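Structural characterization, general
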Amino acid sequence: MLGLSQASAWGPGVGNLVPGATPPMLSGAPSMNIRTLDSTTIPRLATELATDTATLVLNLSGADVGAQGTAILAPSLIQNTTLTTLGIDHNEVGAAGAQSLVPAIEKNNTMTALFLGRNKIGSGGTAVLAPAIEKNTKLLTLSLSGNSIGDSGAIALVPTIEKNSTLTSLDL
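Summary of the structure given here.

Calculation criteria
- All residue numbers refer to position in the chain's written sequence, counted from 1.
- Totals for whole chains, interfaces and linings use every residue, but because this is a predicted model, local features are given only for residues with pLDDT of at least 70 and side-chain atom pairs only at 80 or more, for both listing and counting.
- Side-chain metrics in this entry use all non-hydrogen atoms of the structure; hydrogen atoms and water are not considered.
- Being paired, for any two strands, means DSSP has found at least two bridges between them.
- Each helix corresponds to a stretch of at least 4 residues labelled H or I by DSSP, and each strand to a stretch of at least 2 residues labelled E; elements are numbered beginning at the N terminus.
- Every axis in this analysis is a line fitted to C-alpha atoms, fitted for helices over the stretch in contact. Angles between the N-to-C directions lie between 0 and 180 degrees.
- The contact rule is simple, with two residues in contact once any of their heavy atoms fall within 4.5 Å.
- Put simply, a salt bridge is a Lys or Arg side-chain nitrogen that is within 4 Å of an Asp or Glu carboxyl oxygen.
- The classification of residues rests on relative accessible area computed with a 1.4 Å probe and restricted to protein chains. Under 20% of the type maximum is buried, over 50% is exposed, and intermediate values are partly exposed.
- Grouping buried Ala, Val, Leu, Ile, Met, Phe, Trp, Tyr and Cys residues that are joined through side-chain atoms within 4.5 Å yields what is termed a nonpolar core.

As a further point, take the sheet that holds strand E3 (residues 85-87). Pairing is parallel across the open sheet formed by six strands, whose spatial order is E1-E2-E3-E4-E5-E6. The open sheet has two edge strands with one neighbour each: strand E1 (31-33) and strand E6 (169-171). With direction set aside, neighbouring strand axes in the sheet form an average angle of 5 degrees. Of the strand pairs in this sheet, strand E5 (residues 141-143) and E6 are connected by three bridges, and their pairing is parallel. Residue Leu142 lies in a different strand from E6, and its bridge partner there is Leu170.

Moving on, we get to the side chain of Thr82. Looking at where Thr82 falls in the secondary structure, it is placed in the loop between helix H3 (66-79) and E3. When near neighbours in sequence (up to four residues on either side) are disregarded, Thr82 contacts Asp52, Thr53, Ala54, Thr55, Leu56 and Thr110.

Right, let's talk about the pattern of salt bridges for a bit. Here the structure, examined in full by the defined rule, presents three salt bridges. Lys120 is the partner of Glu92 in a salt bridge, and the nearest nitrogen-oxygen pair spans 3.3 Å. In this pair, Glu92 sits in the loop between E3 and helix H4 (94-107) while Lys120 sits in the loop between strand E4 (113-115) and helix H5 (122-135), placing the two residues 28 residues apart along the sequence. On the basis of relative accessible area, Lys120 is assigned to the exposed category, the value being 59%. Residues Lys135 and Glu106 are paired through a salt bridge, measuring 3.4 Å at the closest nitrogen-oxygen approach. Here Lys135 is found in helix H5, whereas its partner Glu106 is found in helix H4, with 29 residues between them in sequence. Taking relative accessible area as the criterion, Glu106 reaches 29% and is therefore assigned partly exposed.

Within the secondary structure layout, Ser145 lies in the loop between E5 and helix H6 (150-163). Overall, the relative accessible area of 16% leaves Ser145 in the buried class. Setting aside residues up to four positions removed in sequence, Ser145 forms contacts with Gly117, Arg118, Asp171 and Leu172.

To continue, consider unusual backbone geometry. For Asp64, which is not glycine, the phi torsion reads 60 degrees and is therefore positive. Mapped onto the secondary structure, Asp64 falls in the loop between strand E2 (57-59) and H3. Positioned with a positive phi, Ser148 is a non-glycine residue whose angle comes to about 50 degrees. Within the secondary structure, Ser148 sits in the loop between E5 and H6. Given the relative accessible area of 68%, Ser148 is considered exposed.

This paragraph deals with the nonpolar core. In terms of nonpolar packing, the biggest core is built from 38 residues, with Leu37, Leu58, Leu60, Leu86, Leu116 and Leu129 touching the most fellow members. Those elements that place two or more of their residues in this core are helix H2 (41-51), H3, H4 and H5. No other element matches H4, which puts five residues into this core. Excluding anything up to four places from it in sequence, Leu129 contacts Ala98, Val102, Ile105, Leu116, Ile121 and Leu144.

Coordinates in, geometry out; function isn't part of it.
Listed below in structure tokens is the structure:
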């Protein structure tokens, strides 16, 4: 029996030691860009993200995450203790996906930048996110650009902006 961890089995020059095994999605690099996800890879990513201690920046921009994928990934964001930046823009997250992010935004203690641009979140999704953003004391940068939040979404953010003293950059 080989005494190699999954990560070491995929190290340089080692190759695939276990037939049919899949390499980890998070390779231990501090910054990861993942461009395509589907119904099998999203749960794998969520599982890895929950215990990952190396990745600081995760860019999922345009990776087809959707509302359902966001709901699968959100609990892992609560458990993760190292991720500082999450880019999940251009993913059709919608108001339902925004709702699933609320506990993660409220409870994550390391994320300082969240990019949710162009996700069709709308005013309803923005209103749902606003109280969570208000409670978060680590988030410095938030992008909601291109989400058609309208006047009512912007109004929902007013108390958040007034009460959250750590948020220094808000892109609408």
